[in-house]
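Here are the chains, one letter per residue:
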Amino acid sequence: MIRHPPGVDDLNVLREMFVVSRTARCRSRFVVPVILLQGHTHICRSATLATYAELCSRQGYDWLASIWNYQIPGSGGPNGRSNVASTFHTRQDPPSRTSSQKATSEMEEDVLTKTRLQDIKLLKTLHVKMIADLMVENKKIKYGIAVSSSEKVDRSQRYCDFAIASMPYPGCEFFRDYKSKGYKAENLKFNWNQSEVDAELSLPPSVTLPADIDPLQHHQWDLVEITQNYLRVMLAHLSSDSGGLLIHCISGWDRTPLFTSLLRLSLWADGLVHKTLTPPEIAYYTIAYDWFLFGHQLSDRLSRGEDILYFCFDFLKYICDSNFECNVPQRESAALNVSVGLDRHTVFDTSSSRRRVSHTSGSDSSVEDLTTVLCREDAAEHTVAAPLTIDNKRQENEVS
């Protein structure tokens, strides 16, 4: 029987880990478990790894904040010190003012090691085994300066204990083309010849690819195919029941919620998570939690025509068949659907070639579509888009 790793059920221990590992990742967006599969597998999300420059600047900011709060009476905590600020102060020393001779790569590696080891400790506590990196860059470069890093190019190989899947996926800017093409994702291909695009598709040996996916052809995949194939890679890892999954892009608020949301809806359709939620409830839940709570800037994206949120729900019609089922072994501790009075099986609707979910209680059953309305403000007319129908995707098991 697989048990939770130590600390997962202790919120205080997790909070400590969040605090000390936060600066290891861009914008302090640390690893957060967002989906619990079968009671023991965590699906997590975060930003990518921070560079030495960002790490030091954020630690310096935390240090200054702790001093400022210390000098303000009544700011909270003993002697007027903020509890959060004092936590940072006691765990992370401010960047030292050293001479230029000491600012060597050796010192940088030492600082990075101390911080990233805390990040690795959190990942291992959450039993994460695979990291899905959606960046199209090995490192994000702006004005000739690296503003982010990633596990796949960590020169000290600190993340060698994890299966790192480099799965470059177009950023939100690409979805301007999706909108300009009338929201047609078929035959819409990303330009992989751009100078800043240097990440290649690379999957760990532990991932067993479906026979119909040829990774050597990934530059030829259109938007539908690349999203389908990456989602199947993630589901294949989860189906292997070998451990948790971390998903990240750069900042973690566009591509990361896209795949987190698709995974949540797909697993819900398979009856593996959120078994008591109705179709409208799961739709509202994933929009509010996976997208908005983690900082998706919808107004900004709409003003730029980057309709990646719209694509997420429009894409569901492409994952209706059994290729997107997660076949993770059932466990007693997972509490089958009957424990909540709801037994879900699938009815295949051949007339529409879509899978639907059937809610069965005893001998009575009813089939209902997962339907929700995604309100998308039109930049020119400020109108509301037509409703999007989200159909569930579980297929009825054949009885031999």
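Coordinates for the structure precede this section.
Residues numbered from 1 in each chain as written. Predicted model: local features only at pLDDT ≥ 70, side-chain atom pairs only at ≥ 80, totals over all residues. Heavy atoms only, no water.

*Asks:* Mind showing me how you'd approach the nonpolar core here?
*Replies:* In globular proteins that are soluble, nonpolar side chains generally tend to be buried together. Counting residues in hydrophobic clusters, the biggest one holds 66 residues, and the most contacted among them are Tyr169, Leu223 and Leu267. For this core, the element with the most residues is helix 6 (residues 223-239), which contributes 9 residues. When residues no more than four places from it in sequence are discounted, the contact partners of Leu267 are Ile35, Leu37, Ile43, Leu235, Leu238, Leu272, Val273 and Cys326. (Core = buried A, V, L, I, M, F, W, Y, C linked by side-chain atoms within 4.5 Å. Buried < 20%, exposed > 50% of the residue type's maximum accessible area, 1.4 Å probe, protein only. Helix = DSSP H or I, 4+ residues; strand = E, 2+ residues; numbered from the N terminus. Contact = heavy atoms within 4.5 Å.)

*Asks:* Looking at this model, I keep getting lost on the packing of helix 7 (residues 255-269) against helix 8 (residues 279-293). Mind explaining?
*Replies:* Geometrically, a packed helix pair is captured by the angle between its two axes and the distance between the axes. It is at 10 Å that the axes of helix 7 and helix 8 come closest, and there the two elements cross at 155°. By the angle between their axes, helix 7 is roughly antiparallel relative to helix 8. Relative to helix 8, helix 7 is oriented so that their crossing is right-handed. Counting all contacts with helix 7, which are made through Pro257, Leu258, Thr260, Ser261, Arg264, Leu265 and Trp268, the residues of helix 8 involved are Pro279, Ile282, Tyr285, Thr286, Tyr289, Asp290 and Trp291. Looking at side-chain class alone, the contact of helix 7 with helix 8 contains 9 nonpolar, 3 polar and 2 charged residues. (Axes fitted to C-alpha atoms, helices over the stretch in contact; angles between N-to-C directions. Parallel < 35°, antiparallel > 145°, perpendicular 65-115°, else oblique. Left-handed = near helix turned anticlockwise from the far one by under 90°. Nonpolar A, V, L, I, M, F, W, Y, C, P; charged D, E, K, R; others polar.)

*Asks:* Looking at this structure, how should I read the environment of Trp253?
*Replies:* The topology assignment puts Trp253 in the loop between strand 7 (244-248) and helix 7. Along the sequence, Trp253 and Gln297 sit 44 residues apart, while their C-alpha atoms lie 7.7 Å from each other. Not counting residues within four places of it along the chain, the set of residues in contact with Trp253 comprises Arg27, Arg29, Arg45, Phe294, Gly295, His296, Gln297 and Arg301.

*Asks:* Just checking my understanding: could you explain the sheet that holds strand 3 (residues 128-133) for this structure?
*Replies:* The strand order 1-2-7-3-6 describes an open sheet built from 5 strands, whose pairing is mixed. Only two strands of the sheet have a single neighbouring strand rather than two, namely strand 1 (32-37) and strand 6 (163-166). Here the strands of the sheet are splayed against their neighbours by 20° on average, with no regard to which way each runs. The pairing of strand 1 with strand 2 (residues 41-46) spans 5 bridges and is antiparallel. Bridged to Pro33 within strand 2 is Cys44. (Pairing = 2+ DSSP bridges.)

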